[in-house]
Amino acid sequence: MIPLTIAVVGATGAVGRQLIEVLEEREFPVRNLRLYASENSVGDFIDFCDEPVAVQALDKDSFIDVDVAFFCATQSVSEEFLPRAKQAGALCVDATAPWIAREAATLVVPEINGASLDRAKHRVLSNPASVTTMLALPLAQLASCVALKKVVITTFESVSGCGIKGVDDLRKQCGELLNGRPAKKGCFPHQMAFNCVPQVGTFGEGRETDHEQRVQMELLHLLGNDRLEVALTAMRVPVFYGDCASLYVEFDQSVDVNCLEQALTDAPGIELLDDASQGEYPMPIDSAGVDDVQVGRLRPANDASTAFQVFVAMDNLRKGTAVNMVQMVEQAWRN
Ligand SMILES: NC(=O)c1ccc[n+]([C@@H]2O[C@H](COP(=O)([O-])OP(=O)(O)OC[C@H]3O[C@@H](n4cnc5c(N)ncnc54)[C@H](OP(=O)(O)O)[C@@H]3O)[C@@H](O)[C@H]2O)c1
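Just so we're clear, the structure is a prediction, and the values are computed from it rather than from any experiment. (Residues numbered from 1 in each chain as written. Predicted model: local features only at pLDDT ≥ 70, side-chain atom pairs only at ≥ 80, totals over all residues. Heavy atoms only, no water.)

Novice: Honestly, helix H6 (residues 210–223) in this entry has me stumped. Any pointers?
Specialist: Along an α-helix, residues three or four apart share an orientation, since each turn contains 3.6 residues. An ideal rise of 1.5 Å per residue puts 20 Å on 14 residues; H6 measures up with 20 Å between its terminal C-alpha atoms. Turning to H6, its buried residues number three or more, namely His 211, Glu 212, Arg 214, Val 215, Gln 216, Glu 218, Leu 219, Leu 222 and Leu 223. Buried residues along H6 sit against strand E7 (106–107), helix H3 (110–113), helix H4 (130–143), strand E9 (148–157) and strand E10 (229–236). (Helix = DSSP H or I, 4+ residues; strand = E, 2+ residues; numbered from the N terminus. Expected span 1.5 Å × (residues − 1). Buried < 20%, exposed > 50% of the residue type's maximum accessible area, 1.4 Å probe, protein only. Contact = heavy atoms within 4.5 Å.)

Novice: Looking at this structure, how should I read the nonpolar core?
Specialist: The nonpolar side chains of a soluble globular protein tend to be buried with one another. Leu 135, Leu 139 and Leu 247 are the most contacted members of the largest nonpolar core, which totals 55 residues. Sort the elements by how many residues they give to this core and H4 lands first, with seven residues. Among the domains, domain 1 (4–128 + 321–334) and domain 2 (132–316) are the pair contributing at least three residues each to this core. When near neighbours in sequence (up to four residues on either side) are disregarded, Leu 135 contacts Ile 153, Thr 155, Val 215, Leu 219, Leu 232, Ala 245, Leu 247 and Val 312. By size, the runner-up hydrophobic cluster in this structure holds 35 residues, among which are Phe 70, Leu 117, Leu 317 and Met 325. (Core = buried A, V, L, I, M, F, W, Y, C linked by side-chain atoms within 4.5 Å. Domains from an automatic or database assignment.)

Novice: Just checking my understanding: could you explain the sheet that holds strand E1 (residues 4–9) for this structure?
Specialist: Picture the strands of a sheet paired through backbone hydrogen bonds; they go either parallel or antiparallel. Here we have eight strands laid out as an open sheet, ordered E3-E4-E2-E1-E5-E6-E8-E7, and mixed in their pairing. Of all the strands in the sheet, just strand E3 (45–48) and E7 have a single pairing partner and so form its edges. The pairing of strand E5 (residues 68–71) with strand E6 (residues 91–94) spans four bridges and is classified as parallel. Bridged to Ala 69 within E6 is Cys 92. Strand contacts of helix H9 (residues 318–334): E1, E5, E6 and strand E8 (124–126), with the helix running at about 155° to E6, the strand carrying the most contacts. (Pairing = 2+ DSSP bridges. Axes fitted to C-alpha atoms, helices over the stretch in contact; angles between N-to-C directions.)

Novice: What should I look at first to understand the domain arrangement of the chain in this one?
Specialist: When the parts of a complex come together, some accessible area is lost, and that lost area is often used as the size of the interface. Domain parsing of the chain yields domain 1 (4–128 + 321–334) and domain 2 (132–316). Between the C-alpha centres of domain 1 and domain 2 there is a distance of 25 Å. Across the contact, 18 residues belong to domain 1 and 16 residues belong to domain 2. Roughly 1,400 Å² of surface becomes buried between domain 1 and domain 2 when both sides are summed, with 69% attributable to carbon and sulfur atoms. Remark: the boundary between domain 1 and domain 2 carries two residue pairs in polar contact (both at pLDDT 80 or more). Elements represented by at least two residues in the side of domain 1 that touches domain 2 include exactly H3 and H9. Of the residues in the side of domain 1 that touches domain 2, the class split is 10 nonpolar, six polar and two charged. (Buried area = accessible area lost by both parts, 1.4 Å probe. Polar contact = N/O pair within 3.5 Å; in protein donor to acceptor, adjacent residues only side chain to side chain. Nonpolar A, V, L, I, M, F, W, Y, C, P; charged D, E, K, R; others polar.)

Novice: Even after reading the chapter, I still don't get the pairing of E6, so can you show me in this structure?
Specialist: Here E6 shows two buried faces, one formed by Leu 91 and Val 93 and the other by Cys 92 and Asp 94. Read as a crossover between parallel neighbours, the route from E5 over helix H2 (residues 75–87) to E6 is right-handed. As paired elements, E6 and E8 share three bridges and run parallel to each other. Across the sheet, residue Val 93 finds its bridge partner in E8, namely Leu 125. (Right-handed = clockwise from strand over helix to strand, strands pointing away.)

Novice: What is the right way to read the site of the ligand from this model?
Specialist: By nearness alone, 22 residues border the ligand, and Thr 12, Val 15, Ser 38, Ser 41 and Ser 160 come closest of all. Between the ligand and the protein, one listed contact pairs an oxygen atom with a backbone N or O atom of Ile 164 at 2.9 Å. Taking Asn 316, its side chain carries an N or O atom lying 3.1 Å from an oxygen atom of the ligand. When the ligand is considered free in solution it has 900 Å² of accessible area, and contact with the protein chains removes 74% of it. Put simply, the parts of the chain that give the shell around the ligand at least two residues each are helix H1 (14–25) and helix H5 (163–178). For the shell around the ligand, the class distribution of residues is 10 nonpolar, 12 polar and no charged. Each of two domains, domain 1 (4–128 + 321–334) and domain 2 (132–316), supplies a minimum of three residues to the shell around the ligand. (Near = heavy atom within 4 Å. Areas by Shrake-Rupley, 256 points an atom, 1.4 Å probe, with all protein chains shown as cover.)

What follows is the structure, encoded as structure tokens:
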């Protein structure tokens, strides 16, 4: 790959900072790195390859000569600036908005649908919600054994899903409560410390949150199976980093557990951690800093072996966002 000029919008946030680290770790060929954030951060510096890079404010000329623009600020910032970046000829990768809200955007998890990515054709790449990636990767493998019929999912999503503010607010709440003082809700709908909240996203007219609807829609698209029945409840839990989920998976016909295990073992992007007798199974604390989706507790849920239960965990800031976004560009450039 030839060295590229890269723009990171939202460079000072949880996703932006992780993205800069991932570009460095993967030795992504960067000729020039431009970092953008809000006016509050102008004058700050972030290190990249041992060199401090100044954080700037966005303006109409920010994307001139940019090859790839990563959008990880807010949806409204992307709405204003992504069309400008696209117009300037940049390949745009967006983590801020549901793919359905982006006209002509391509939703990508490279291990599932990256093979056909073409940087000339797919100018706007959309990153799925982090938990979509965590669920879609193992489900795609299970579906390669026997067609899926129904999936019932509960996700347990960490507070870093709400960005730096989510992490700060949980830390403050823990401190206040342990010191016998009341905790402020901060960016959460309820006290988050020492609690679990069955709400990620916002409620509209229906009984599901916009986040739950988004994840279900993205799963059907990535799995290429619009007849699959998906029921999902998303929980916010007092964990700083790393998401996890419990899945009940029903197949069209009975399937051998060894076949499922083999499919998961062979798959890129998945690590099977399944020796429950030794206490080996996926947990958010062990997924931190790991790029694979960790899968375990695989077991039949009925005598006919037509249904299974499984547990998964993943670092939401790595494969959930930063790593997936960089992999999309690597793949699009290669193809
Ligand atoms: N966290 C996750 O696990 C996750 C997963 C998937 C998708 N996402 C999405 O990724 C995006 C970033 O999330 P995050 O967790 O990194 O949030 P965050 O920690 O709150 O960071 C937000 C970033 O946006 C910047 N920003 C805010 N207003 C801006 C403006 N007007 N112009 C330019 N930059 C502006 C902030 O700059 P300042 O520091 O200067 O305020 C900061 O760099 C969000 O849209 C989120 O929905 C997050």
